[in-house]
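# Fold and geometry: a report
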Amino acid sequence: MQFQVVSGKAASTPSDCAVIGAYEGGTLAASARELDRRLNGRIAALHGRGDFGGKLGDTLLLTDLGEGLPVRIVLAGLGAKAAFGRRALRRALAPALAAVTRTGARSASLDIAGEPIRGFDAYARGRLVAELAELALYRIPDLKTAPKPMPPALATIVLPMPDAKSARAAELGVEHGAAIALGIRQTRDLANLPANICTPAYLANTARGLAKRHRKLQVTVHGRRQIEKLRMGAFLAVTRGSDEPPQLIVIEYRGAAAGAAPIVLVGKGITFDSGGISLKDPGGMDEMKFDMSGAASVLGTMAAVAQLALPLNIVCVVPTCENMPDGRAVKPGDIVKTMSGQTVEILNTDAEGRLILCDALHFARRFKPATVLDVATLTGACVIALGPHLSGVFTPDDRLAAELLAAGTRADDGAWRMPLTEDYAEPLKSNFADFANVGGREGGASVAAAYLAKFTQNLNWAHLDIAGTAYLGGAQKSSTGRPIGLLVDFLLARAQR
Ligand code: BES
Ligand code: MN
Ligand code: ZN
């Protein structure tokens with residue numbers, strides 16, 4: 001996708017399609033008024049005739065408008081004027097762009113993106129437009145054998161800005177938004193793949209491919225032998241029941257001075273979570289192919305970081321394997337020694353994410369990190385607590401929590417801080433090992449975080465539980481690409497401080 005940020009009058013920008021807006025009640029958006037004048041009030045008249053109510057997310061395509069006018073207009077509903085803001089613009093723009101891609105338009109002018117919103121600057125507008133425009137073209141790479149429909153013709157987005165200064169700011173936003181979209185697309189592509197294709201080896205190859213495209217990325221993949229050498233007893237316990245070899249993927253991105261302490265991103269890479277011997281119910285078990293969404297999101301983040309050439313050092317650590325039942329599989333009651341030396345009684349083999357993460361988090365210490373973030377579809381309890389809207393943030397560090405929540409807000413990729421106090425480690429008591437890998441059901445998301453906290457003492461660490469946000473179920477089953485927006489925004493902010 002090409003982006004042209006232009007300064008000057010919106011409606012005079014030539015394109016195959018002008019995207020303009022109208023509020024509920026018939027008020028036209030500022031950007032729509034000039035076109036309406038040139039059309040002798042034909043747009044304003046639509047409301048009176050009952051043809052367009054301006055409901056948020058509605059769209060209407062107008063064509064054959066006459067000489068000197070855009071070939072098409074997509075009219076986007078902006079909802080109630082009093083409630084209009086950045087989030088509403090996002091919810092209006094996505095379907096409007098989808099409507100454009102269903103036409104033959106090769107270019108579209110997003111006049112609607114200039115609608116006045118308090119506190120929403122040119123940079124943020126550019127970023128929102130670029131992210132949404134790139135994602136409007138996203139198609140799930142399915143394995144359907146029927147012929148594919150024609151791909152959208154849309155190749156150029158014109159973004160009108162009032163003056164040269166705001167145009168420059170918007171251009172930077174476009175650059176960042178396009179990188180975020182790239183990360184989201186890669187994450188979705190990976191997470192949407194079935195587990196028989198997206199295996200641990202496939203993830204390792206994806207990381208290698210990424211490093212081939214970017215000079216500043218360096219990949220190391222540790223196989224079973226090395227994982228044994230590292231004494232990652234918890235990780236090895238999870239992989240026991242599977243025929244797919246486990247992989248520990250490490251990607252190093254060097255964008256800052258060699259001595260600058262890196263940020264380490266750890267992603268849960270369970271390519272299929274059957275539950276193991278503590279087998280899951282069959283209903284919806286296919287969705288456990290998404291249990292590598294944390295891994296996919298840290299890999300996507302590395303792609304975005306490399307494209308942006310951020311002046312940071314970042315290390316990505318992905319422990320990846322399957323969780324399967326088998327004659328050799330780990331059993332409830334088995335006790336293992338983690339890389340940290342602490343012993344764990346595995347009371348439930350379905351609490352496998354924390355087992356691979358605890359070894360990966362301990363491994364992260366060797367990079368002497370400034371901050372460690374782990375990203376994981378860790379608990380059903382987090383889905384119950386927060387639903388599909390917000391990711392859970394768990395950290396003992398108030399400043400890091402605030403940093404992550406602010407990044408989520410700026411990126412429209414929200415998160416909510418969840419409690420993590422000593423109390424939540426209480427249920428993990430074991431008679432036979434240092435602790436168990438599960439407690440009861442109550443407060444399950446925080447108990448899981450308290451388990452991880454036993455391996456991150458003296459680190460500046462936060463855990464993101466994305467079990468509810470990483471993918472949609474039901475009829476819209478697919479990866480969302482979250483929390484790429486949050487992660488990239490967090491890193492952009494770190495790069496500026
Ligand atoms: N991958 C699941 C968590 C999950 C559940 C993600 C639902 C997305 C949707 C994780 O490995 C798991 O099975 N967790 C258990 C932990 C329990 C045994 C303490 C859970 O949440 O039920
Ligand atoms: Mn599980
Ligand atoms: Zn899992």
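Here the structure is shown first, and the text comes after it.
All values reported here derive from a predicted model rather than from experimental measurement.

Bound to the manganese ion (ligand 2) are the protein donor atoms Asp-273 (OD), Asp-350 (O), Asp-350 (OD) and Glu-352 (OE), situated 2.1 to 2.2 Å from the metal. Of note is the manganese ion (ligand 2), whose six donor atoms meet at the metal with angles of 71 to 168° in an arrangement that counts as irregular. Written as a sequence motif, the donor arrangement for the manganese ion (ligand 2) is D-x76-D-x1-E. If you look at the manganese ion (ligand 2) and the zinc ion (ligand 3), they sit 3.2 Å from each other and are both ligated by Asp-273. With Asp-273 in strand S10 (residues 269-273) and Glu-352 in the loop between strand S13 (343-346) and helix H10 (353-364), this pair connects stretches of sequence that are 79 residues apart.

Looking now at helix H14 (residues 484-496). Between its terminal C-alpha atoms H14 stretches 18 Å, which fits the 18 Å expected from 13 residues at 1.5 Å a residue. Summarising burial for H14: ten of the 13 residues are buried, a large majority. Residues of H14 that are buried: Ile-484, Gly-485, Leu-486, Leu-487, Val-488, Asp-489, Phe-490, Leu-491, Leu-492 and Arg-494.

Geometrically, a packed helix pair is captured by the angle between its two axes and the distance between the axes. Viewed as axis vectors pointing N to C, helix H12 (residues 398-410) and H14 meet at an angle of 115°, and their least axial separation amounts to 8 Å. Note on packing geometry: the crossing formed by H12 with H14 is right-handed. Side by side, H12 and H14 meet where Leu-400, Glu-403, Leu-404, Ala-407, Gly-408 and Arg-410 of the first sit next to Leu-486, Asp-489, Phe-490, Ala-493 and Arg-494 of the second. In the contact of H12 with H14, the residues fall into six nonpolar, one polar and four charged.

Moving on: the sheet that holds strand S17 (residues 435-436). The strand order S12-S13-S17 describes an open sheet built from three strands, whose pairing is mixed. Single-partner strands in this sheet number two, and they are strand S12 (334-337) and S17.

What follows is about the packing of aromatic side chains. Applying the stated criterion across every chain yields a total of six aromatic pairs. For the pair Phe-290 and Tyr-471, a centre-to-centre distance of 4.4 Å together with 15° between the ring planes defines the contact as stacked. Residue Phe-290 is located in the loop between S10 and helix H9 (293-308), and its partner Tyr-471 is located in strand S19 (residues 471-472); the two are separated by 181 residues in the primary sequence. Across this residue pair, the class does not change: Phe-290 and Tyr-471 are buried. Plain terms: the ring middles of Phe-363 and Phe-367 are 5.8 Å apart, the flat faces sit at 75° to each other, and that makes the pair edge-to-face. Judged by relative accessible area, Phe-367 falls into the buried class, the value being 16%. Put simply, the rings of Phe-435, Tyr-451 and Phe-455 pair up and form one aromatic cluster. Across the ring face of Tyr-138, the terminal group of Arg-188 is positioned such that the distance to the ring centre comes to 5.3 Å.

Okay, the coordination of the zinc ion (ligand 3) next. At the metal site, the zinc ion (ligand 3) is ligated by Lys-268 (NZ), Asp-273 (OD), Asp-291 (OD) and Glu-352 (OE), and these contacts range over 2.0 to 2.4 Å. The site at the zinc ion (ligand 3) holds six donor atoms, and with the angles between them running 78 to 175°, its shape is octahedral. When the donor residues of the zinc ion (ligand 3) are listed from N- to C-terminus, their spacing reads K-x4-D-x17-D-x60-E. The class for Asp-291 is buried, based on a relative accessible area of 3%.

Locating Ser-446 in the fold gives a position in helix H13 (residues 444-453). Separated by 2.7 Å, the side chain of Ser-446 and the backbone oxygen of Pro-419 make a polar contact. When residues no more than four places from it in sequence are discounted, the contact partners of Ser-446 are Phe-394, Pro-419, Leu-420 and Tyr-424.

The environment of ligand 1 is made up of 16 residues, and the closest members are Lys-280, Asp-291, Asp-350, Glu-352 and Gly-380. Taking Lys-280, its side chain carries an N or O atom lying 2.8 Å from an oxygen atom of ligand 1. Within the side chain of Asp-350, an N or O atom sits 2.8 Å from an oxygen atom of ligand 1. Protein contact buries 78% of the 510 Å² of open area that ligand 1 shows by itself. With respect to the pocket detection grid, ligand 1 is positioned in the second largest pocket. Among the residues making up the shell around ligand 1, the classes are represented as five nonpolar, four polar and seven charged.

Take the layout of surface pockets next. Here the largest pocket defines a volume of roughly 1200 Å³. As for the largest pocket, its lining consists of 36 residues, and the residues nearest its centre are Arg-90, Arg-188, Asp-412, Thr-480 and Arg-482. At the level of elements, helix H3 (86-101), helix H4 (122-136), helix H5 (164-192), H12, strand S20 (478-479) and H14 are the ones that each hand at least two residues to the lining of the largest pocket. Broken down by class, the residue content of the lining of the largest pocket amounts to 15 nonpolar, eleven polar and ten charged. Counted as a void, the second largest pocket has a volume near 950 Å³. Taken together, 37 residues make up the lining of the second largest pocket; nearest its centre are Lys-280, Asp-350, Thr-379, Gly-380 and Ala-381. Those elements that provide at least two residues to the lining of the second largest pocket are H10, helix H11 (380-386), H13 and S19.

How each quantity is defined
- Residues numbered from 1 in each chain as written.
- Chains lettered and ligands numbered in written order.
- Predicted model: local features only at pLDDT ≥ 70, side-chain atom pairs only at ≥ 80, totals over all residues.
- Heavy atoms only, no water.
- Donors = N, O, S within 2.8 Å, 3.2 Å for Na, K, Ca; no water.
- Tetrahedral: all angles 85-135°; square planar, octahedral: opposite > 155°, others 65-115°.
- Helix = DSSP H or I, 4+ residues; strand = E, 2+ residues; numbered from the N terminus.
- Expected span 1.5 Å × (residues − 1).
- Buried < 20%, exposed > 50% of the residue type's maximum accessible area, 1.4 Å probe, protein only.
- Axes fitted to C-alpha atoms, helices over the stretch in contact; angles between N-to-C directions.
- Left-handed = near helix turned anticlockwise from the far one by under 90°.
- Contact = heavy atoms within 4.5 Å.
- Nonpolar A, V, L, I, M, F, W, Y, C, P; charged D, E, K, R; others polar.
- Pairing = 2+ DSSP bridges.
- Phe/Tyr/Trp six-rings, centres within 6.5 Å; stacked < 30°, edge-to-face > 60°.
- Lys NZ or Arg CZ within 6 Å of the ring centre and 35° of its normal.
- Polar contact = N/O pair within 3.5 Å; in protein donor to acceptor, adjacent residues only side chain to side chain.
- Near = heavy atom within 4 Å.
- Areas by Shrake-Rupley, 256 points an atom, 1.4 Å probe, with all protein chains shown as cover.
- 1 Å grid on protein atoms, 1.4 Å probe; cavity = no way out; pocket = protein on both sides within 12 Å on 5 of 7 lines; lining within 4 Å.
- Sits in = over half its atoms within 2 Å of the grid points.
- Points joined across faces, edges and corners; volume = space filled by probe spheres on them.

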